[in-house]
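Structure at a glance
Residue-level listing of the chains:
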Amino acid sequence: MTMTAKIILVIALVLSIAIPFGAFLLSEKKKGNFKATVLANSFFFFGTLVIAHILLFSGHVSAAEATTAASNAEGWRYLAAALSTGLSCIGGGIAVASAASAALGAMSEDSSIMGKALIFVALAEGIALYGLIVSFSILP
């Protein structure tokens, strides 16, 4: 595959993210508009990712090219580990934001529930740790 085709695929991946959110930012802010934008973004992004995988990694594999096929599997393993860590940290951050603000509001009314509130915040932080454990189990 030529370098031009690889550059075109990278540009297609960037545009698959930028175009739906640019359309969302320039359009009227409606309730269901963001959901449609996220769905369009995921469809175009993962569609481009699948097409790139087919174009870049398809072909005949012989004994001499076995190390290349193994390195492709390693790349997907690293991608899976990065996604499990990154997405669990995003989810943990969202959960901590909700739990911590609710805990502060509850502690402002009754300070005796501080221990219970900290437990809920710590449970939300555990989501990120679970993702990190999964990524360590994916990596060799």
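The name an unreviewed UniProt entry gives the chain is ATPase, with Anaerocolumna chitinilytica as the organism. Its UniProt record, at the heading Subcellular location (unreviewed entry), says of the chain: "Membrane".

Mapped onto the secondary structure, S88 falls in helix α3 (residues 66-109). Discounting chain neighbours no more than four positions away, the residues touching S88 are L83, I127, A128, G131 and L132.

A few words now on helix α1 (residues 3-26). The end-to-end C-alpha distance of α1 is 34 Å, a good match for the 34 Å that 24 residues give at a rise of 1.5 Å each. The largest bend along α1 reaches roughly 25° and is located at L15. Among the residues making up α1, those that are buried are L9, L13, S16, P20 and F24.

Reading the values: the criteria
Residues numbered from 1 in each chain as written. Predicted model: local features only at pLDDT ≥ 70, side-chain atom pairs only at ≥ 80, totals over all residues. Heavy atoms only, no water. UniProt positions renumbered as here; feature names shortened; annotations may be inferred. Helix = DSSP H or I, 4+ residues; strand = E, 2+ residues; numbered from the N terminus. Contact = heavy atoms within 4.5 Å. Expected span 1.5 Å × (residues − 1). Bend = angle between axes of the 7 residues up to and from the residue. Buried < 20%, exposed > 50% of the residue type's maximum accessible area, 1.4 Å probe, protein only.

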